[in-house]
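So you can see what is in the structure, the chains are spelled out below.
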Amino acid sequence: MAYLVIFVAGIGFFALSFVALGVLPGLRLEKEMNSARAVISAYSDAERRGQQTYVSLGCALCHTQQVRFLPTDIRRWGPPTQAWETQYDFPQLWGTRRIGPDLARESGVRSADWQLTHLHNPQSVVPGSAMPPFPWLFKGSPARPTAAANDLLAYLNTLGRARQSAGGVAMSKKVDTEMDPAMMAEIESLCAAPFVNPSQANSDIPTFSTVTNATSGSVAPPSTGQKLAARGAELFAQNCAGCHGSAGDGEGRAAEGLLPRPANLRASRYSAQGLASILWNGVAGSSMPAWRDLPAADLASLVTHVQTLHTQPVDAGVLASTATLARGATVYAANCVNCHGVNGDGHGPAAMALLPRPADLTHKQPDASLVQRVLNEGVPGTSMPPWPGVSGADRQAVAAFVRSLYIMPAGATK
Ligand code: HEC
Ligand code: HEC
Ligand code: HEC
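The structure contained in this document is the topic of the report that follows. (Residues numbered from 1 in each chain as written. Chains lettered and ligands numbered in written order. Predicted model: local features only at pLDDT ≥ 70, side-chain atom pairs only at ≥ 80, totals over all residues. Heavy atoms only, no water.)

1. Digging into the overall build of the chain
Per the secondary structure count, the chain includes 17 helices and 2 strands. For the chain, the residues scored as buried account for 41% of the 414 residues in total. Once local pairs closer than 6 in sequence are excluded, the contacts in the chain between residues at least 24 apart make up 66%. (Helix = DSSP H or I, 4+ residues; strand = E, 2+ residues; numbered from the N terminus. Buried < 20%, exposed > 50% of the residue type's maximum accessible area, 1.4 Å probe, protein only. Contact = heavy atoms within 4.5 Å.)

This is the structure:
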């Protein structure tokens, strides 16, 4: 009798654990898969090959693909990862170990030239990076990727695609966790707000009161200004010099593989507000990242530092005669207004279709020599064309006019 009881109990508990640990979670998972509101496309051949490369190079040893159910993760990458997002992943790559950032939503965050330059040598774009270089994926330079590098890039561009096509659905109605109610409430409120990928331009630009104080000179005590500038130089060396060069002339180590090339920050005068907006949003359509993860005080010091890079005296060539400016305005109206807009803010009728967007000349005053160069060569990698047809006096005039569009911030001395 005792043997029979033990036998039945043994079978019974085996069956029970089979149901509890295998069948029930399987059913729940299937239900969650079916609840996906998106049509998720399966991998193409290139993407599949890229995924294999990702696995074989050990990328998954340092990168997770799972936004965890924690406020810190959600704040940085959006709503938590759900099973349906990765239903085509065999092997699944959610991972457990993070040395680098999570990549579950990497698609669209970086431009292709950024990704390739970064794979070729991470430290050229992110100076302190602990990620190893993968030079054998390239034929000598980041501008010449092998097929394997292109496949890997195609794969990186699939990460987060499912979530995007579902229109950023937050999370299923009821989540049964035994989490601290306060944290749960925080997560719910984070998920309720639409998540904006940092690469997507966003108009919610912080107003840097510290910036205005520091740059208008007289308002801030000089020590504050100096401290800002020193911190700014340090941050610039850490974050920006890889692309823009340590002097800010656009000749950093990474510049070779980037198109458009990093801007020469010495050749234009920038308003604090214009810089704040560029740093907050990045430059969509180029490798220039958004820097909104940095604390506002750091952004303010970067703004101050970038402004000190421009050394050209202000009055060189700005004081053009009214006749010249009128002539320039005519040339501008005929050729430039569609993209740069009537008042030069970059919102011309054709602008919305273009990435990078046309320069906002009300917040950026290029040196006369830069305007001449741009008229000769255009800006390769953008829709800004060269203007061989605008020549001689017309060229001087339109350059002077373009420079006159800059709006001098109130209180600025430089
Ligand atoms: C030794 C660990 C390590 C390995 C292996 C590794 N990475 Fe990284 N990765 C990092 C670190 C650290 C960062 C953050 C610093 C940086 O951006 O370079 C990073 C950043 C990244 C980023 C930038 C994410 C972003 O948007 O900021 C991408 C994309 C990336 N890695 C892809 C890969 C791919 C693809 C592979 C495999 C070919 C790989 N990583 C292998 C450590 C690693
Ligand atoms: C991965 C390379 C890269 C890094 C890192 C980078 N930039 Fe850029 N940046 C670019 C590129 C490329 C452009 C040019 C975009 C264009 O032509 O539209 C640019 C444009 C800019 C502009 C706008 C210039 C203009 O005239 O419109 C500013 C300002 C700027 N960067 C500042 C910075 C600062 C400050 C940092 C560091 C916090 C930084 N960048 C880091 C690549 C980079
Ligand atoms: C097809 C649209 C288009 C037209 C037309 C156009 N631009 Fe541009 N322009 C752009 C874009 C896009 C950029 C931004 C390039 C970038 O981000 O580096 C730009 C940038 C510039 C810059 C700043 C370049 C730099 O490197 O800082 C100047 C100056 C400029 N344009 C002047 C002109 C003038 C003058 C005309 C007319 C003769 C003109 N543009 C016509 C699209 C256009």
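2. Some words on the coordination of the iron atom of ligand 3
Each donor-metal-donor angle in an ideal tetrahedron of four donors is 109.5 degrees, and each such angle in an ideal octahedron of six donors is either 90 or 180 degrees. At 2.0 to 2.1 Å from the iron atom of ligand 3 lie its protein donor atoms, namely His340 (NE2) and Met384 (SD). One can describe the site at the iron atom of ligand 3 as octahedral: its 6 donor atoms subtend angles covering 85 to 179° at the metal. On the criterion of sequence distance, the pair formed by His340 in helix H15 (residues 337-340) and Met384 in the loop between helix H16 (368-377) and helix H17 (392-404) is long-range, its members being 44 residues apart. (Donors = N, O, S within 2.8 Å, 3.2 Å for Na, K, Ca; no water. Tetrahedral: all angles 85-135°; square planar, octahedral: opposite > 155°, others 65-115°.)

3. Let's talk about the coordination of the iron atom of ligand 2
Taken together, the protein ligands of the iron atom of ligand 2 are His244 (NE2) and Met288 (SD), with distances of 2.0 to 2.1 Å. Coordination geometry of the iron atom of ligand 2: the 6 donor atoms subtend angles of 87 to 179° at the metal centre, consistent with an arrangement described as octahedral. Of this pair, His244 sits in helix H11 (residues 241-244) while Met288 sits in the loop between helix H12 (272-281) and helix H13 (296-309), and the two are 44 residues apart along the sequence. Of the residues examined, His244 reaches a relative accessible area of 11% and is grouped as buried.

4. With respect to the environment of Val342
When you line up the elements, Val342 lands in the loop between H15 and strand E2 (364-366). Among the residues examined, Val342 registers a relative accessible area of 72% and is labelled exposed. Taking C-alpha positions, Val342 is 9.8 Å from Leu405, a pair spaced 63 residues apart along the chain. Apart from residues no more than four positions distant in its own chain, Val342 is found in contact with Tyr332 and Val337.

5. A few points about the pattern of salt bridges
If the charged atoms of two oppositely charged side chains come close together, the side chains can form a pair. Inspection of every chain in the model, using the stated rule, returns 13 salt bridges. Residue Arg105 is joined to Glu85 by a salt bridge in which the shortest nitrogen-to-oxygen separation is 3.2 Å. Highlighted residues: Arg105 in the loop between helix H3 (71-77) and helix H4 (112-120) and Glu85 in the loop between H3 and H4, separated in sequence by 20 residues. Residues joined by salt bridges that share partners form a network here, namely Arg68, Asp73, Arg98 and Asp102. (Salt bridge = Lys/Arg side-chain N within 4 Å of Asp/Glu carboxyl O.)

6. Regarding unusual backbone geometry
Phe90 connects to Pro91 through a cis peptide bond whose omega is -5°. Its location among the elements puts Pro91 in the loop between H3 and H4.

7. Observations concerning the site of ligand 3
In the neighbourhood of ligand 3, 20 residues make up the surrounding shell, with Cys336, Cys339, His340, Lys364 and Met384 lying closest. Taking His340, its side chain carries an N or O atom lying 2.8 Å from a nitrogen atom of ligand 3. Lys364 has a polar side-chain atom sitting 2.4 Å from an oxygen atom of ligand 3. Elements represented by at least two residues in the shell around ligand 3 include exactly H15, E2 and H16. When residues in the shell around ligand 3 are grouped by element, the largest group, 3 residues, is from H16. Here the residues of the shell around ligand 3 are counted per class, giving 14 nonpolar, 4 polar and 2 charged. (Near = heavy atom within 4 Å. Polar contact = N/O pair within 3.5 Å; in protein donor to acceptor, adjacent residues only side chain to side chain. Nonpolar A, V, L, I, M, F, W, Y, C, P; charged D, E, K, R; others polar.)

8. Concerning the packing of aromatic side chains
Across all of its chains, the model carries 4 aromatic pairs by this definition. Centroid distance Tyr332 to Phe401: 5.1 Å. Interplanar angle 55°. Geometry classified as tilted. Taken together, the residues span a long stretch of sequence, with Tyr332 in helix H14 (residues 322-335) and Phe401 in helix H17 at a distance of 69 residues. Pair check on accessibility: Tyr332 and Phe401 agree, each one buried. Pairwise contacts between aromatic rings join Tyr43, Tyr54 and Tyr155 into one cluster. (Phe/Tyr/Trp six-rings, centres within 6.5 Å; stacked < 30°, edge-to-face > 60°.)

9. Let's talk about the environment of Ala297
Looking at where Ala297 falls in the secondary structure, it is placed in helix H13. Spatially, the C-alpha atom of Ala297 lies 9.6 Å from that of Arg231, the residues being 66 residues apart in sequence.

10. Side note on the environment of Arg144
Within the fold, Arg144 resides in the loop between helix H5 (122-125) and helix H6 (147-156). Apart from residues no more than four positions distant in its own chain, Arg144 is found in contact with Phe138 and Lys139.

11. So, helix H2 (residues 45-56)
For H2, which comprises 12 residues, the first-to-last C-alpha distance of 17 Å matches the rise-based estimate of 16 Å (1.5 Å per residue) to within 8%. Buried within H2 we find Glu47, Gly50, Gln51, Thr53 and Tyr54. The buried side chains of H2 occupy one side of the element, clustering within an arc of 160° when seen end-on. What points out from H2, more than 90 degrees from its buried face, is the exposed set Asp45 and Ser56. Looking one or two places after H2, you find Gly58, whose phi comes out positive at around 75°. (Expected span 1.5 Å × (residues − 1). Arc of directions from axis to C-beta.)

12. Notes on a nonpolar patch on the surface
Together, Met1, Leu4, Val5, Phe7, Val8 and Ile11 make up an exposed nonpolar region whose accessible area comes to about 680 Å². Note that Val5 resides in helix H1 (residues 2-34). (Patch = residues over 30% accessible without salt bridge, like charges linked within 9 Å, V, L, I, M, F, W, Y side chains within 5 Å. Areas by Shrake-Rupley, 256 points an atom, 1.4 Å probe, with all protein chains shown as cover.)

13. Observations concerning the site of ligand 1
What surrounds ligand 1 is a group of 22 residues, the closest being Cys59, Cys62, His63, Ser129 and Met131. In this structure, an oxygen atom belonging to ligand 1 sits 2.9 Å away from a side-chain N or O atom of Glu106. Take His118: an N or O atom from its side chain is 2.6 Å from an oxygen atom of ligand 1. With 4 residues, the single largest contributor to the shell around ligand 1 is H4.

14. So, the packing of H14 against H17
Packing of H14 against H17 leaves a shortest axis separation of 7 Å and a crossing angle of 90°. As summarised for this structure, H14 and H17 are arranged roughly perpendicular, according to the angle between their axes. Within the contact between the two elements, H14 uses Thr324, Leu325, Arg327, Gly328, Ala329, Val331 and Tyr332 and H17 uses Ala393, Asp394, Ala397, Val398, Ala400, Phe401, Val402 and Ser404. When the residues that make up the contact of H14 with H17 are grouped by side-chain class, the tally is 10 nonpolar, 3 polar and 2 charged. (Axes fitted to C-alpha atoms, helices over the stretch in contact; angles between N-to-C directions. Parallel < 35°, antiparallel > 145°, perpendicular 65-115°, else oblique.)

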